[in-house]
Amino acid sequence: MIRIVALGVLVTGLLAYMYLSVSRPDNKIQVVDAWSPAAPPTMAMHAGYLSLQNHSSDSIELVEVSSLAYESIEIHQSLSIDGVLSMRMLPSLSVEPRAKVQFKSGGLHLMMRKPLAPRPLGGSFPVSFKFADGAVIEFLMQVSKTGLVDTETSSTDTHHHHH
Amino acid sequence: MRPKRTSFLIGLFLVAQCLLISQAHSATEDYVTLRAPNEVKPFLLSDQYNQPFGLERLKNHWSLVFIGFTTCPDVCPVTLANLEAVRAEMGLRLSPGLIPRILFLAVDPDRDIPVLKDYLAYFHPEYIGLTGEVSQIDNLIKSLNAFYRLDKKTPDDSEYDVLHTAFVSVINPRGEMVAKLNPPFHPHRTGDYLIQLIRGVQFDD
């Protein structure tokens, strides 16, 4: 019995790891904690958040984001200039060697337009990143409730609770 | 040689101190209490149930007014969630009648009006959404010393961004704006600030 439970825990852990963290086959690039806030069905634009880690000693450039679940996906950045919020689209995103880039509310985010299927809470959909060197990674993005979210400008003692 | 180096180090230390002080100063500006209350001028908008909402309905409650639009995917949903956390934080320490309501001033009527009710129901049943004619939206925006602009690239652009001020206006039960909250609306600190503000204001009527 204990063995079965242990096996269950192991498999669940392994699945959760595969689910939340996807690496390129050469392990140079890793996407962790990809999630999108659950949103009212009336909304046709959704944000996507994640953390993108470049483990290699070369800089990498993300040039294309796509998903079967959306008509189009762009890399966007929310800006606050003199207290006025706006957004701008980035044609691509470079990540320095051994650097980590955080996509989070109030800063960098994926702007996903026109969902092609319903997005149930807790469900997930595949997203694909294409890099300038031709490499592609696919990962799952989970639809989670917007909890208390650590925004780009907030101090370190808030954390998002989306699990 | 040595005194020179010492004075260089002292100089460096002083510069570092100044930097630290200026940082600490900007941190305190998350919350700005206005020197004099700013009277909200009459306006006439509708709530998400299509009921009239003017200056009279603004009175007799504390309110937090957040400017946004329903197609905003990144900042608006998170701010609405954070403001609810502020209310929850205050709920433990203040009587229910003094907890501010949350008003979402939606500034993009063409895209907001058809969906505002469902949009707000999704976040919190008690949120009040305000929308209406552009001239009336502008009236309230002006009273709040706020700003927004629909950033249409072409006249028939349907996926435009909306630029808007990030601050939340605090309105007292007399319908006067008394403070501004700036992001990130940290629940505990924002709750602390609002409780002090609300307890410190006494009304005769």
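Because the structure is predicted, anything quoted here is derived from the model rather than measured.

Peer 1: It is not clear to me how the overall build of chain B should be interpreted in this structure. Could you clarify?
Peer 2: Each helix and strand counted, chain B has seven helices and 10 strands in total. Counting across all 205 residues of chain B, residues that qualify as buried make up 42%.

Peer 1: Can you walk me through the nonpolar core in this structure?
Peer 2: Nonpolar side chains in soluble globular proteins generally cluster together in the buried interior. Core analysis: the biggest nonpolar cluster contains 52 residues, and Phe 66, Phe 104 and Leu 105 of chain B have the highest contact counts within it. Looking at this core, the elements with two or more residues in it are β4 (63-68), α3 (75-91), β5 (101-106), α5 (116-123), β6 (128-130), α6 (134-143), β9 (168-171) and β10 (176-181) of chain B. The element best represented in this core is α3 of chain B, accounting for eight residues. In this view, Phe 104 of chain B contacts Phe 66, Gly 68, Leu 80, Leu 120, Tyr 127, Gly 129 and Leu 130 of chain B; residues no more than four positions away in its chain are not counted. Counting residues in each nonpolar core, the second largest holds 25 residues, with Ile 29, Leu 50, Val 127 and Met 141 of chain A among its members.

Peer 1: What am I meant to see in the pairing of strand β2 (residues 29-37) of chain A here?
Peer 2: Put simply, side chains in a regular strand alternate between the two faces of the sheet. Relative to strand β3 (residues 45-54) of chain A, β2 of chain A runs antiparallel, the two being bridged by five bridges. Residue pairing in the sheet places Val 32 of chain A in a bridge with Ser 51 of chain A of β3 of chain A.

Peer 1: Please explain the interface of chain A and chain B as it appears in this structure.
Peer 2: As a measure of interface size, the accessible area lost when the parts come together is often cited. If you look at the interface, chain A gives 29 residues, while chain B gives 25 residues. Elements that contribute at least two residues to the side of chain A that touches chain B include exactly β3, β5 (70-81), β6 (84-90) and β9 (108-115) of chain A. With four residues, β6 of chain A is the single largest residue contributor to the side of chain A that touches chain B. Looking at the side of chain A that touches chain B residue by residue, the class counts come to 12 nonpolar, 16 polar and one charged. Here two bridges tie β6 of chain A to strand β8 (residues 161-165) of chain B, and the two strands are oriented antiparallel to one another.

Peer 1: Help me understand the confidence of the model for chain A, please; the structure alone is not making it clear to me.
Peer 2: Should the pLDDT be low somewhere, the predicted coordinates at that spot are not to be read in detail. Of the residues in chain A, 74% have a pLDDT of 70 or more, and the chain-wide mean is 82. Every residue in residues 150-163 of chain A is under pLDDT 50, and counting partners more than four places away or in other chains gives 31 contacts.

What counts and what doesn't
Going along each chain's sequence as written, the residues are numbered from 1 onward. A letter from A marks each chain and a number from 1 marks each ligand, given out in the order of writing. Given that the model is predicted, a residue must reach a pLDDT of at least 70 before its local features are reported, and side-chain atom pairs must reach 80 or more before they are shown or counted; all residues, however, enter totals for whole chains, interfaces and linings. Numbering goes from the N terminus for both helices and strands, where a helix is a DSSP run of H or I of at least four residues and a strand is a run of E of at least two. Exposure classification rests on a simple neighbour count of other C-beta atoms within 10 Å of a residue's own: a residue reaching 20 or more is buried, one at 12 or fewer is exposed, and one in between is partly exposed. C-beta atoms are placed from the backbone. In this description, a nonpolar core means buried residues of the types Ala, Val, Leu, Ile, Met, Phe, Trp, Tyr and Cys, linked to one another by C-beta atoms lying within 7 Å. We call two residues in contact when their backbone-placed C-beta atoms lie within 7 Å. Here a strand pair is declared whenever DSSP counts at least two bridges between the two strands. Residues are grouped as follows: Ala, Val, Leu, Ile, Met, Phe, Trp, Tyr, Cys and Pro are nonpolar; Asp, Glu, Lys and Arg are charged; all remaining types, including Gly, are polar. pLDDT: the predictor's confidence for each residue, scored from 0 to 100.

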